[in-house]
Amino acid sequence: MRGETMPADVLVVSCGIFRDELAALGRAGKFPWPVRFLDSMLHMEPERLEQALTALVQSLAGQRIVLLFGDCQARMDLLASREGACRVKGHNCCELVLGREEYRRLRREGAFFLLPEWTARWREVFRERLGFVTPESARLFMQEMHRRIFYLDTGVVPVPAETLAEIGCYVGLPVEVKAVAPDRLADAVRKALEGFNE
Amino acid sequence: MTGEGTTLQKLVAEVLRRINDADRDGASRLVDQWAAVHGYGDAIAEILEPVLRTVGDRWEREAISLAQGFVAGKVAEDILNKALAAAPKGVFGEVKGPVVIGNIEDDYHSLGRGMVGTFLRAAGWAVIDMGNDVSPAEFVDRAVETGARVIGVSAMMFVTARGIRGVRDELDRRGLSGRIMLAVGGAVFKVRPELVAEVGGDGTAGSAMDAPVLFKSLWERSLDAGGEQ
């Protein structure tokens, strides 16, 4: 396995949205690095995310850190350019599992993406965090911004068909299931680590 | 405090309450009722502007949700479109422009850009909105084709904002810098204002409401620089 040649002091700091995927990859021997997670809901509060990430990275001084995040807060580049730190390449978590070209193609078609962890927390996301407390307000926003929803099935949890139907009804958009490969996450970390080794 | 002043304060508070409840139709209806008596120009100045200032302040303090900000934007769009329909040359005077706006390549966060377009149109600008994911060359091509002297480019995140530098490079390459001005905006520019200079922006605005003042100033700078499109 290519990952076995990587430095032993590498630690991955990941968005919690990938918790199940990284656990599954680890069990399969495809993700050899230890991982620290932050709550994925911090995505909704970029300043708090920045504070939490900065504090965590500082507490890990002396280790090589790969940030498994998108460009989720305004100073992510500064954090990732600290000595010993780097970030995987990708604008956001959906691009990480879809690949750049597929992500761009679907976004241009008006796609909104759901990963498994946020799907399980969809009420918290739409109602509590985004404030769409009624289906009407959610539909107003989602139908103006998007044409359809893709559930990105990473294959580590059963597709939550009932929940997806609820979401589709709440926001008034069709929901499709699209299989994606979680192995891309390990590939992204490996590519980021190549920057350390160059 | 006059009776009308008190009434206005209560009305502004009620419009805000309905926006907080994500009740677009209810909020718009209240403004319409005022406009039916006093006109849309008055409704914009006396109700919509204070409402949007309050919403903007709350947004800055992260004391408002995306849904509430979105609904406030839609209410503003509703009222400004009705005002434009009542006064087709623009609420504030003659038609100006055209100007080109859009989100830079790879950026799909259209909420702010939509608001900017609404306020520009209300201020009398002919706006060519190119939508999301627009390449630098496409921006400049369209500005040249239409005679626009200002291009407004929006980006929400740092990685996409850096792509705006490509618009500046394209303007430089074609010898158009100075004649076509580059306005930049989006959430990341508020957090990192130094980015305006880094991407070669000629100016930015603190909010969508401030965009007409920025575009007017940039248009005048373009005219001062001289030269035909």
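Look up a bit, the structure's there.
Just so it is clear, the structure is predicted and the values come from calculations on it, not from any experiment. Counting starts from 1 at the beginning of each chain's written sequence and moves along it residue by residue. Here chains are named by letter from A upward and ligands by number from 1 upward, in the order in which they appear as written. For this predicted model, a pLDDT threshold of at least 70 governs which residues receive local features, and a threshold of 80 or more governs which side-chain atom pairs are given and counted, while totals over whole chains, interfaces and linings are taken from all residues. Side-chain measures here rest on the full set of heavy atoms in the structure, leaving out hydrogens and waters.

**What about the nonpolar core?**
Moving on, step 1. Buried Ala, Val, Leu, Ile, Met, Phe, Trp, Tyr and Cys residues that are joined via side-chain atoms within 4.5 Å together make up what is termed a nonpolar core. For every residue, the accessible area obtained with a 1.4 Å probe (protein chains only) is divided by the maximum for its type, and the residue is called buried under 20%, exposed over 50%, and partly exposed between those limits. A:F18, A:L67, A:L68 and A:F126 are the most contacted members of the largest nonpolar core, which totals 69 residues.
Moving on, step 2. Counting from the N terminus, the helices are DSSP H or I runs at least four residues long and the strands are E runs at least two residues long. Looking at which element gives the most residues to this core, the answer is helix α10 (residues 183-197) of chain A, with 6 residues.
Moving on, step 3. Should any heavy atoms of two residues lie within 4.5 Å, those residues are counted as being in contact. If we skip the residues at most four places from it in the chain, A:F18 touches A:F37, A:L68, A:C93, A:L96, A:V97, A:L115 and A:L185.
Moving on, step 4. Judged by nonpolar contacts, the second largest core, of 32 residues, contains B:L8, B:I19, B:I44 and B:I64.

**Here's the deal with the pairing of strand β3 (residues 64-68) of chain A**
Residue and element names in this part refer to chain A.
Moving on, step 1. Taking burial as the measure, the 5 residues of β3 include 4 buried ones, the bulk of the element.
Moving on, step 2. Paired strands are those between which DSSP finds at least two bridges. As defined by bridge partners, strand β1 (residues 10-15) adjoins β3 across 5 bridges and the pair is classed as parallel. Across the sheet, residue L11 finds its bridge partner in β3, namely I65.
Moving on, step 3. Here β3 pairs with strand β4 (residues 85-87) via 3 bridges, running parallel. By the bridge assignment, L67 is partnered in β4 with R87.

**Some words on the interface of chain A and chain B**
Moving on, step 1. Of the residues lining the interface, 22 residues belong to chain A; the matching set on chain B comes to 21 residues.
Moving on, step 2. Values labelled buried area give the accessible surface lost by two parts on being combined, using a 1.4 Å probe and summing over both. Taken together, both faces of the contact between chain A and chain B bury some 2100 Å²; the carbon and sulfur share is 59%.
Moving on, step 3. Three residues stand out in chain A for area buried against chain B, namely A:D71, A:A74 and A:L140, and they jointly supply 24% of the buried area on that side.
Moving on, step 4. For salt bridges, the criterion is a side-chain nitrogen of Lys or Arg within 4 Å of an Asp or Glu carboxyl oxygen. For the pair chain A and chain B, the interface holds 6 salt bridges.
Moving on, step 5. In this structure, B:D133 and A:R108 form a salt bridge, with 2.4 Å as the shortest nitrogen-oxygen distance.
Moving on, step 6. The term polar contact refers here to a pair of N or O atoms within 3.5 Å; inside protein, the definition further demands a hydrogen-donor-capable atom paired with an acceptor-capable atom, and it admits residues adjacent in sequence only when both atoms are side-chain atoms. The interface formed by chain A and chain B holds 12 residue pairs in polar contact (both at pLDDT 80 or more) in total.
Moving on, step 7. Put simply, the parts of the chain that give the side of chain A that touches chain B at least two residues each are α3 (76-80), α5 (100-108) and α8 (135-145) of chain A.
Moving on, step 8. Counting residues per element, the side of chain A that touches chain B draws most heavily on α8(A), at 5 residues.
Moving on, step 9. Among the residues forming the side of chain A that touches chain B, the class breakdown is 8 nonpolar, 4 polar and 10 charged. Lys, Arg, Asp and Glu make up the charged group, whereas Ala, Val, Leu, Ile, Met, Phe, Trp, Tyr, Cys and Pro make up the nonpolar group; the residues left over, Gly among them, are polar.

**Section: the pairing of strand β5 (residues 111-114) of chain A**
All names here are of chain A.
Moving on, step 1. A two-sided burial pattern is seen for β5, the buried positions comprising A111 and F113 on one face and F112 and L114 on the other.
Moving on, step 2. When β5 meets strand β6 (residues 148-153), the two strands line up parallel, connected through 4 bridges. Along β6, the bridge assignment pairs L114 with Y151.

**Quick look at the side chain of A:T54**
Moving on, step 1. Structurally, the position occupied by A:T54 is in helix α2 (residues 46-59).
Moving on, step 2. A polar contact of 2.6 Å, which involves the side chain of A:T54, links it to the backbone oxygen of A:E50.

**What about the packing of helix α6 (residues 136-146) of chain B against helix α8 (residues 165-173) of chain B?**
All names here are of chain B.
Moving on, step 1. Geometry is summarised by axes, namely lines fitted to C-alpha atoms with helices restricted to the contacting stretch, and by angles between N-to-C directions that run from 0 to 180 degrees. Here α6 crosses α8 at 50 degrees, and the two axes come no closer than 8 Å. Accordingly, the angle class assigned to the pair α6 and α8 is oblique. Considering only the axes of α6 and α8, their crossing is right-handed. Across the interface between the two elements, P136, A137, F139 and V140 of α6 pack against G166, V167, E170 and L171 of α8.
Moving on, step 2. Residues belonging to the contact of α6 with α8 are distributed by class as follows: 6 nonpolar, 1 polar and 1 charged. Our angle categories are set so that under 35 degrees counts as roughly parallel, over 145 as roughly antiparallel, 65 to 115 as roughly perpendicular, and the remainder as oblique. Each crossing gets its handedness from the near helix: less than a right angle anticlockwise from the far helix is left-handed, clockwise is right-handed.

**Details of the pattern of salt bridges**
If charged atoms from side chains of opposite charge come close, those side chains can pair.
Moving on, step 1. Enumeration according to the criterion identifies 38 salt bridges over all chains in this entry.
Moving on, step 2. The residue A:R190 makes a salt bridge to A:D187 at a minimum N-O spacing of 3.2 Å. Residue A:R190 and its partner A:D187 are located together in helix α10, separated by 3 residues, close to a single helical turn.
Moving on, step 3. B:R53 is paired through a salt bridge with B:D210; the nearest N and O atoms lie 3.8 Å apart. Residue B:R53 is located in helix α3 (residues 40-60), and its partner B:D210 is located in the loop between β5 (203-204) and α11 (211-225); the two are separated by 157 residues in the primary sequence.
Moving on, step 4. Counted as one network, the salt bridges with shared partners bring together A:D39, A:E45, A:R48, A:E117, A:R121, A:E124 and A:R129.

**Section: unusual backbone geometry**
Residue and element names in this part refer to chain B.
Moving on, step 1. Between G97 and the following residue, P98, the backbone shows a cis peptide bond with an omega angle of 10 degrees.
Moving on, step 2. Assignment of secondary structure puts P98 in strand β1 (residues 96-103).
Moving on, step 3. A positive phi angle is found at A22, which is not glycine, with a value near 60 degrees.
Moving on, step 4. Within the secondary structure, A22 is located in the loop between α1 (3-20) and α2 (24-38).
Moving on, step 5. Residue classification places A22 among the buried positions, given a relative accessible area of 13%.
Moving on, step 6. Notably, D106 is not glycine yet its phi reads approximately 75 degrees, a positive angle.
Moving on, step 7. Note on placement: D106 falls in the loop between β1 and α5 (111-122).

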